[in-house]
Amino acid sequence: MGVGSSKDDNEKLQGNADFKGPGANRGCTDCFCSILLIACWMAMTFVGLCVTGFIENDMLKEGNPARLTNGMDYLGNICGVTDYNITATGENTKDLSKAFYLPNGAPVCVNSCPTAEEEYTGYYCKYDKQSQVNSQTTSAARSAVAGAYMATMECAPYVESVDAWGYCVPQAAIDALASAAANAINQEIVADCLTSDTTEYSVTGSESEYVSSSDVGMFWKDQSTPTNCTAQRKGLVVTAEYMNPTSEDGFFDQANADMYTARWVILGAGTGVAMTLGFVYLYILRIPGVLALVCWGLITLIELCLLGVAYFSYDTSETWKTDGQHTDSEASMMLYVAYGFAGLGGLWFCIICCLRKRIVLAIGIVKEACKAVARMPIITVYPVFQVLGAVIFLVPWCIYMLYLASSGDVAVDCICTSSFSSSYADALSGGSDAESSCESSGCFLYKSFTYSDDMKYTGLYMLFSWFWTSQFIIAAGQLVVAMSISTWYFTRDKKTIGNGTFFTTMKRAMWYHLGTAAFGSLIIAIIKTIRAVIAYLQNQAKKSKNKALQMALCAIQCYMWCLEKCMKFMNKNAYIQTAIYGYSFCKAARKAFFLILRNILRISAVAIVSEFVLIIGKLFITVASTMVGYYFMKENMLNDLNGLWCPLLLIILFAYVTAEMFNEVFGMAIWTILQCFVADEEMFEPAERFAEGDLAACVSKTQKEAGALGKGGAEVQPVDGGEKKMDGVAPGGGSELE
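So, how was this worked out
Residues numbered from 1 in each chain as written. Predicted model: local features only at pLDDT ≥ 70, side-chain atom pairs only at ≥ 80, totals over all residues. Heavy atoms only, no water. Pairing = 2+ DSSP bridges. Helix = DSSP H or I, 4+ residues; strand = E, 2+ residues; numbered from the N terminus. Core = buried A, V, L, I, M, F, W, Y, C linked by side-chain atoms within 4.5 Å. Buried < 20%, exposed > 50% of the residue type's maximum accessible area, 1.4 Å probe, protein only. Contact = heavy atoms within 4.5 Å. Disulfide = S-S within 2.5 Å. Axes fitted to C-alpha atoms, helices over the stretch in contact; angles between N-to-C directions. Parallel < 35°, antiparallel > 145°, perpendicular 65-115°, else oblique. Left-handed = near helix turned anticlockwise from the far one by under 90°. Nonpolar A, V, L, I, M, F, W, Y, C, P; charged D, E, K, R; others polar. Salt bridge = Lys/Arg side-chain N within 4 Å of Asp/Glu carboxyl O. Polar contact = N/O pair within 3.5 Å; in protein donor to acceptor, adjacent residues only side chain to side chain. Phe/Tyr/Trp six-rings, centres within 6.5 Å; stacked < 30°, edge-to-face > 60°. Lys NZ or Arg CZ within 6 Å of the ring centre and 35° of its normal.

A.B. asks: Sorry if this is basic, but what is going on with the pairing of strand E7 (residues 161–164) here?
C.D. replies: Looking along a regular strand, one sees side chains alternate from face to face of the sheet. For E7 and strand E8 (residues 167–170), the ladder comprises 4 bridges, and the chain directions are antiparallel. By the bridge assignment, aspartate 163 is partnered in E8 with cysteine 168. As consecutive antiparallel partners, E7 and E8 are separated by 2 residues, and within that stretch tryptophan 165 has a phi angle of approximately 55°, a positive value.

In structure tokens form, the structure reads like this:
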């Protein structure tokens, strides 16, 4: 590649005149880590085959997700799962997949939830009582026996119920919740409508149609606040039927209908329009003066906010000293707050003064990143493929985890309104009634799972495999973006760069450097797994109420969080070094580390500017996409929708996700341009550099300042590594005053 090797990673980068940036002359890196990742996936698959029952294993039992979701009867049998013969009725709980709760809180397994047509046509009872009811030959006799047990809450008539994940939820309970929700909303409506204004305002057009309609939900189509309601509207309230999730024309049904009707607008505004606005944002940033105005404006605004808080805190302190309502300590506290914010304002001012020229450089770097992404627009779609890859992995992983979670031993416990009971183990054998241990007022039976150490370690390994794979997908994307952007930078004729360049570099990155992505992601996965273990220990310490241990674990967790953030930052810069030079991960990480040290102020300036740019871009894309969707639906679909709020919420969600993906690529492009610029500056003479536009102007200005310092008699002094420099001139040709 024409890149000279150095004995010390802290020496400035070197290059020959034939260096052309990321090219085909590179080899495979960190292949062993690729093999390890494949082995990790194979081991995960083996675990999955064991817990799903395809492979028999003594340490990992076969699971059944129905054990997690299905209800449990008062004897501890899981409905539809446990093979338990009910002697009294001659049925098996394995054939009864629904759980129906009796008035005393004891659930029984039933074949199906009662419908409206079956209401009060039969009875569900505890199993021994059920056999007595069923043995009666006439309907009157069955009702008499069931009625006697209903007095002790051991029987209940068929009531219309809704099947909710294997539990029969009475329709009456759903209606009661819907009624409570409607009453809460109506209180707000009535408070707004009952005003002192008794004037009867005219109701025109579509408003009159909504008022006269018997469909209460039509009221919300008007989208107006019911303040100073007209006389025709004063009696209009939300009904329980409207808030009922099972109603065919209720709130939830209308929301689903709106989502379906506006589905193409949601997708179009939330993805297509949002992506287009991303490129519009890049174009706006390239307009001369816009980015500088935004950055310096925000920097000034932050300074004014800090000083403003300091001023108002000081003014409040002076007021409290003499108002007689506040103590001297309270006034002094506000004074200290004022001093604190004034100090922060001064510190911010000093930081900006030190970074002022580097902020100008950072603005130029962001502009070049805009140009690079604009030349390869397909690069912004790459995160979609990353999401697709994550989904492909998550499908089998979630299935394996469900089976693993359901393969534990079931433990039956009681939960009451005031306390927990842990003595219900006898219920597992079916030899004890729930009356003796759980059936009391306000107590209910619930199931939990206990796992062997082998199963716990397996679960931890499955979690580690997810961490590694998800971080690998992110790392591979960062490598592809870095290689694409660096190829653009180190190309003389930028017109030859396009979407084809992206596909070429993607193929090259996937072929040569997936091992490097696996290496970096392995480090992050290990840290995340350690954090997961610490979180588990924190939970155990919380249960044991050991305050000292909780504080120690909290401190360790904070340290690991900081370490994870630092490693992610180092990994990202290491991938850029790999993209430019083809280094293995360890060498790339060392080179990136010392490059950051040599350019720490530039890194700080780019971090400040890029954060401003990315946050504003995220807000711009999300808000503008939502506005476009709103106006389109208002002008073209208002009569077809029950309301705009649900489609708008989905547009906001889709637009935000799109903006996040766009920012991920744009942010990586900014950091890649920075490293490319530093490499360009350190490796080449001014006439041979690849920098263009604002970056070239920054380099030219730096050289002029360095030349002026040299003419002024700057003394040449040796620096680390034997390299010499002039006072005021940094290694690699950059001015320390820059």
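A.B. asks: Could you clarify how one ought to interpret the nonpolar core in this entry?
C.D. replies: Generally speaking, nonpolar side chains in soluble globular proteins are found buried as a group. Ranked by size, the top nonpolar core spans 92 residues in total, and within it Ile485, Tyr489 and Phe666 carry the most contacts. Residues in contact with tyrosine 489, not counting those within four places in the same chain, are Lys494, Ile673, Cys676, Phe677, Asp680, Phe690, Ala691 and Leu695. Formed by 18 residues, the second largest nonpolar core is a distinct cluster that contains Cys79, Leu102, Cys113 and Tyr158.

A.B. asks: Would you mind showing me how to read the state of the cysteines here?
C.D. replies: By definition, a disulfide links the sulfur atoms of two cysteines through a covalent bond. For the structure on display, the rule yields 3 disulfides. Each disulfide pairs two cysteine sulfurs, and for cysteine 113 the partner residue is cysteine 168, the sulfurs being separated by 2.1 Å. On the sign convention where negative means left-handed, the S-S torsion of about -90° between cysteine 113 and cysteine 168 marks this disulfide as left-handed. Here cysteine 168 lies in strand E8 and cysteine 113 lies in the loop between strand E4 (107–110) and strand E5 (123–125), a separation of 55 residues in the sequence. Paired by a disulfide, cysteine 125 and cysteine 155 hold their sulfur atoms 1.9 Å apart.

A.B. asks: Would you explain unusual backbone geometry in this entry?
C.D. replies: Generally, phi is negative for residues other than glycine and the peptide bonds are trans, each holding for most cases. At aspartate 30, a residue that is not glycine, the phi angle is positive and equals roughly 50°. You can see aspartate 30 is positioned in the segment before helix H1 (31–51).

A.B. asks: Would you take a moment to explain the packing of helix H13 (residues 453–489) against helix H19 (residues 645–683) for this structure?
C.D. replies: The geometry of a pair of packed helices is captured by two quantities: the angle between their axes and the separation between those axes. At a minimum axis separation of 9 Å, H13 and H19 run at an interaxial angle of 50°. Classed by the angle they form, the pair H13 and H19 counts as oblique. Seen from above, H13 lies across H19 with right-handed handedness. Residue-level contacts link Gln478, Val481, Ala482, Ile485, Ser486, Trp488 and Tyr489 of H13 to Glu664, Val665, Met668, Ala669, Thr672, Ile673, Cys676, Phe677 and Asp680 of H19. The residue makeup of the contact of H13 with H19, split by class, is 11 nonpolar, 3 polar and 2 charged.

A.B. asks: Looking at this model, I keep getting lost on the pattern of salt bridges. Mind explaining?
C.D. replies: Any two side chains of opposite charge can pair, on the condition that their charged atoms come close. Taken as a whole and judged by the stated rule, the model has 13 salt bridges. Taking the shortest distance from any N to any O, the salt bridge between aspartate 163 and lysine 98 comes out at 2.7 Å. Separated by 65 residues along the polypeptide, aspartate 163 in strand E7 and lysine 98 in strand E3 (residues 98–101) bring together distant segments of the chain. Judged by its relative accessible area of 39%, aspartate 163 is partly exposed. Measuring nitrogen to oxygen at the nearest pair gives 3.4 Å for the salt bridge that ties lysine 129 to glutamate 154. Remark: glutamate 154 occurs in the loop between helix H4 (139–151) and strand E6 (155–157) and lysine 129 occurs in helix H3 (residues 127–134); sequence separation between them is 25 residues. As far as the burial class goes, lysine 129 and glutamate 154 line up, both buried. Overlapping salt bridges, with partners in common, bring together Lys126, Asp128, Lys129 and Glu154 in one network.

A.B. asks: Would you take a moment to explain the environment of serine 407 for this structure?
C.D. replies: Here serine 407 is to be found in the loop between helix H12 (382–405) and strand E9 (409–416). We classify serine 407 as buried; its relative accessible area is 1%. Considered as a pair, serine 407 and glycine 63 are 344 residues apart in the sequence and their alpha carbons are 3.9 Å apart. Residues contacting serine 407, with those up to four places away along its chain left out, are Lys61, Glu62, Gly63, Arg67 and Met455. Engagement of the side chain of serine 407 in a polar contact is seen with the backbone oxygen of leucine 404, the distance being 2.6 Å.

A.B. asks: In this structure, what is going on with the packing of aromatic side chains? I would like to understand it.
C.D. replies: Aromatic ring pairs are defined here through the distance separating the ring centres and the angle between the ring planes. Summed over the entire model, instances satisfying the criterion amount to 23 aromatic pairs. Ring plane angle 20° and centroid distance 6.0 Å describe the contact between phenylalanine 393 and tryptophan 466, whose orientation is recorded as stacked. A residue pair is termed long-range when its members are at least 10 positions apart, and phenylalanine 393 in helix H12 and tryptophan 466 in helix H13 qualify at 73 residues. Among the residues examined, phenylalanine 393 registers a relative accessible area of 10% and is labelled buried. Here tryptophan 466 falls in the partly exposed class, since its relative accessible area comes to 21%. One aromatic cluster is present, formed by Phe100, Tyr124 and Tyr158 through successive ring pairs. The residue whose ring lies beneath lysine 126 is tyrosine 74, and the NZ or CZ to ring-centre distance is 5.1 Å. Against the face of phenylalanine 690 rests arginine 492, its NZ or CZ located 3.7 Å from the ring centre.

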